[in-house]
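An overview of the molecular structure
Given next are the chains, with one letter for each unit.
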Amino acid sequence: MLLYFIRRALTAVPVLVGISLAVFLLVHLQPGDPFVGMISPDTTPEEKAEMLRRIGYLDPVWVQYLRWLGRAARGDLGYSIQHGTAVQVLIGERLHNTVLLAGSALALSLAVSLPLGLYTGLRRTGVADMMLSNLSFVLVSIPAFFLAMVLIKLFATEWRLLPTSGVVTVGMNYTGLAHIGDVARHIVLPASVLAITNIAILNRYLRSSVSDLIDHDFVRALFAKGLSRRAVIVPHLLRNSAKPLITVVSLEIPGLLSAALLTETIFNWPGIGRLSFEAVQGRDYPLLMGIVLFLAVVTLAINLLADLLYAVVDPRVRLVR
Amino acid sequence: MVGFSILLVLVALALAAPWIAPFAPDEVDLFAIEAPPGDGHLLGTDEIGRDVFSRLIYGGRVSVLVGVSAALVQILIGTTLGAIAGYRGGLSDALVMRLTEVIMCFPFYAIAITLAAIFGASVWNVILIIGALHWTGLARLVRAELLSLRERGFVLAARAMGVSPIKIIFNHLLRNAYGPILVYATLAVANSILAEAALSFLGLGVRQPQPSWGNMLSAAQSMRVLTYQWWLWIPPGAAIVLMVLAINFVGESLSRALSPRPGAPIRDLGPDANVNSQTRKERLWPTRFS
């Protein structure tokens, strides 16, 4: 088991190096030099060249890469041009909002798709199954931002039920339970938008994994032993469909973080996604690269974690190579 | 069949845009600014008096162009690299797989808007960005197919007869794997259309005055348009949904038709297909876009 963990963790190293090279390349491609907008326009080119030399801007590329890598490894991602603050601090300030949003969306989509997937997987040929599978096709075909706008129009401007922007009501300064309630009201729309596409995907995946399991010999044997439907489903089917579920969830989390960009922008949700969109609009490349690097490393970590969990659930995995 | 017919109609509309559209996409009607539907303008006009229906039809051309070209870029990169990895194995395989893992680690929108900001927003850049970031799934798929096919007797026979590796890959291996590739390519068109719409919506894809469904939708970022001028944003949104849905249905029927197991779509990999992390990401359908 430990050997598997170590071996799996080692395969992540070249990927990590690849990610850092790619981000560094992008940093290098960005137009302008680091002093654009920072120094007075009457600085002579000689003075500027001297300053650039002093911070190592004119060093060979690989020296710059190693230095950048060393800083990034210590959590130093440079300074944002727009905010004048360290990038890692800005990410830290916004991170909890994105985690809250993506977490609620994930919880919501699991709460809906688990029972649905199980139900439709067990009754593959029913009318409900056919309708649900068509519905999930429709749901994955709707661009999330269009869905968001339709929901805003219906729930916020037509029926005036839910707020559409921000995390809290501005100027109300709720505390305690009232604050939690306020945040909950604000999170309903963006979390639903993020969850809806996910529900369609998760449901489809679970359905196919459950309906494949049903055909397996061990399930037939369990039924033949005279076990009740419930006694087969709960310990056997659920445990076996947990494996693909880990895969899907681990793949959906990066998807959620990425899709949060559009959703957060539309709902004015102050998370990482909106921060990166603001960074693009303000041509704030250090901030943008910092966020990209951060999200890529998080994704890598989640993939690693999923593989480890996989080995816990399914002992066969540990023996592969 | 329904999906295919809808798709055919939409593509025909887009291709025949100059003959069908009542106005040019950038023609300004100063007497009808923000006019509601009816009265000469089937779907009303936008904030500078351009006919929404005409822009919608011309916008369809952008969607078709981006969807198909981005899918072609993905097929080109994905099949080539996947074939090299699957056929050669060893070091080339390891390199290609690490490369796909690196690309898959980047969140699509964050990296796409970064690239769009650096290289500039235009139709061709959007195609290249989507194509360059989304070939990974296909490469893994082709690799997995080739890995199992290359052990078969007919490949050994071909090799023994001295057929060149390129010919083996094209004539023997890819030809046997065309089913999943075709299905994947179909879904890639749908996903590319969604990605283009999202990037254009953010102002980092197709630029005004050229109409695209995504940049038409960005009009609804203003609360006034969203609340009172439905004809500016509901039609392009509905067009995207219709087009993507039609393509997804076509992909689904293709998948059923080409599947070795009758009635079961090829892309639903069973639980045992997921035993180790190498095959883990081969699942086709949910390449998540927006």
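Look up a bit, the structure's there.
What comes next is a walk through the structure. Keep in mind that what you see is a predicted model, and the values were worked out from it rather than measured. Within each chain, residues carry numbers counting from 1 in the order of the written sequence. Naming scheme: in the order in which they are written, chains are lettered from A and ligands are numbered from 1. Local features are withheld for residues below a pLDDT of 70 in this predicted model, meaning they are given only at 70 or higher, and side-chain atom pairs are given and counted only at 80 or more; totals for whole chains, interfaces and linings count all residues. Side-chain measures here rest on the full set of heavy atoms in the structure, leaving out hydrogens and waters.

Notes on the overall build of chain A
A tally of helices and strands in chain A yields twelve helices and zero strands. Mapped from its N terminus to its C terminus, chain A presents α and β elements in the order α-α-α-α-α-α-α-α-α-α-α-α. Along the longest, intermediate and shortest principal axes, the C-alpha atoms of chain A span 90 × 60 × 40 Å. Taking the intrachain contacts of chain A between residues at least 6 apart in sequence as the baseline, contacts between residues at least 24 apart amount to 72%. For the area figures, the Shrake-Rupley method with a 1.4 Å probe applies, and any residue is considered shielded solely by the protein chains shown. Counting only carbon and sulfur atoms, one obtains 68% of the accessible surface of chain A, whose full area is about 15,700 Å². Charge counting treats Lys and Arg as positive and Asp and Glu as negative, with His and both chain ends excluded. Taken as the charge centre is NZ of Lys, CZ of Arg, CG of Asp or CD of Glu, depending on the residue. Put simply, chain A has 27 plus and 20 minus side-chain charges, and the middle of one group is 13 Å from the middle of the other. Think of it this way: any DSSP run of H or I at least four residues long counts as a helix, any run of E at least two long counts as a strand, and we number them from the N terminus. We call two residues in contact whenever any of their non-hydrogen atoms come within 4.5 Å of each other.

Describing the pattern of salt bridges
One side chain can pair with another of opposite charge once the charged atoms of both are near each other. Salt bridge, as used here, is a side-chain nitrogen of Lys or Arg placed within 4 Å of a carboxyl oxygen of Asp or Glu. A complete count under the given rule lists seven salt bridges over all chains for this structure. Each of Arg94(A), Arg274(A) and Glu278(A) takes part in a single network of salt bridges with overlapping partners.

Comments concerning the packing of aromatic side chains
The rule is short: rings of Phe, Tyr and Trp, with Trp giving its six-membered ring, pair when the centres are within 6.5 Å, and they are stacked under 30 degrees, edge-to-face over 60, tilted in between. The final tally for this structure, using the stated rule, is eight aromatic pairs over all chains. Judged by centre distance (4.4 Å) and plane angle (25 degrees), the rings of Phe145(A) and Phe201(B) are stacked. Residue Phe145(A) is found in helix H6 (residues 144–158), and its partner Phe201(B) is found in helix H10 (residues 178–201); the two belong to separate chains. A relative accessible area of 2% places Phe201(B) in the buried class. With a centroid separation of 6.2 Å and 90 degrees between ring planes, the pair formed by Trp230(B) and Trp231(B) is classed as edge-to-face. Throughout, exposure labels follow a simple rule: accessible area from a 1.4 Å probe, protein chains only, divided by the maximum for the residue type, with under 20% read as buried, over 50% as exposed, and the rest as partly exposed.

Quick notes on helix H6 (residues 123–133) of chain B
Note on helix geometry: an α-helix contains 3.6 residues per turn, so any two residues three or four positions apart are oriented the same way. Those residues of H6(B) that sit buried are Val123(B), Val126(B), Ile127(B), Ile129(B), Ile130(B), Gly131(B) and Leu133(B). Contacts from the buried residues of H6(B) go to helix H3 (52–88), helix H4 (90–105), helix H5 (108–119), helix H7 (136–149) and H10 of chain B.

Some points on the interface of chain B and chain A
On the side of chain A, 72 residues touch chain B, which itself brings 59 residues to the contact. Values labelled buried area give the accessible surface lost by two parts on being combined, using a 1.4 Å probe and summing over both. Summed over both sides, the interface between chain B and chain A buries roughly 5,900 Å², with carbon and sulfur atoms accounting for 72% of that surface. At the boundary of chain B with chain A, the tally comes to zero salt bridges. A 3.5 Å cut-off defines polar contacts: any pair of N or O atoms within that distance qualifies, except that in protein one atom must be a possible hydrogen donor and the other a possible acceptor, and neighbouring residues in sequence count only when both atoms are side-chain atoms. Remark: the boundary between chain B and chain A carries five residue pairs in polar contact (both at pLDDT 80 or more). Top element by residues in the side of chain B that touches chain A is helix H13 (residues 230–258) of chain B. It accounts for eleven residues. Asp, Glu, Lys and Arg are counted as charged, while Ala, Val, Leu, Ile, Met, Phe, Trp, Tyr, Cys and Pro are counted as nonpolar; the rest, among them Gly, fall into the polar class. Residue classes in the side of chain B that touches chain A are distributed as 38 nonpolar, ten polar and eleven charged.

Quick notes on the packing of H3(B) against H10(B)
All names here are of chain B. Lines are fitted to the C-alpha atoms to define the axes, a helix being fitted only along its stretch in contact, and any angle between axes, read from their N-to-C directions, falls within 0 to 180 degrees. It is at 8 Å that the axes of H3 and H10 come closest, and there the two elements cross at 130 degrees. In this view, H3 runs oblique relative to H10, as classed from their interaxial angle. Handedness of the crossing formed by H3 with H10: right-handed. Side by side, H3 and H10 meet where Val62, Ser63, Val66, Gly67, Val68, Ala70, Ala71, Gln74 and Ile75 of the first sit next to Tyr184, Ala185, Ala188, Val189, Ser192, Ile193 and Glu196 of the second. When its residues are assigned to classes, the contact of H3 with H10 shows eleven nonpolar, four polar and one charged. Here roughly perpendicular refers to angles of 65 to 115 degrees, roughly parallel to angles under 35, roughly antiparallel to angles over 145, and oblique to all remaining angles. Left-handed is the label given to a crossing in which the near helix is rotated counterclockwise from the far helix by less than a right angle, and right-handed is the label when the rotation is clockwise.

Topic: the side chain of Ser109(A)
Residue and element names in this part refer to chain A. Structurally, Ser109 is set in helix H4 (residues 87–122). By relative accessible area, which is 0% here, Ser109 ends up buried. A distance of 2.8 Å separates the side chain of Ser109 from the backbone oxygen of Ala105, its partner in a polar contact. Those residues in contact with Ser109 that sit more than four places away from it in its chain are Ala195, Asn198, Ile199 and Leu202.

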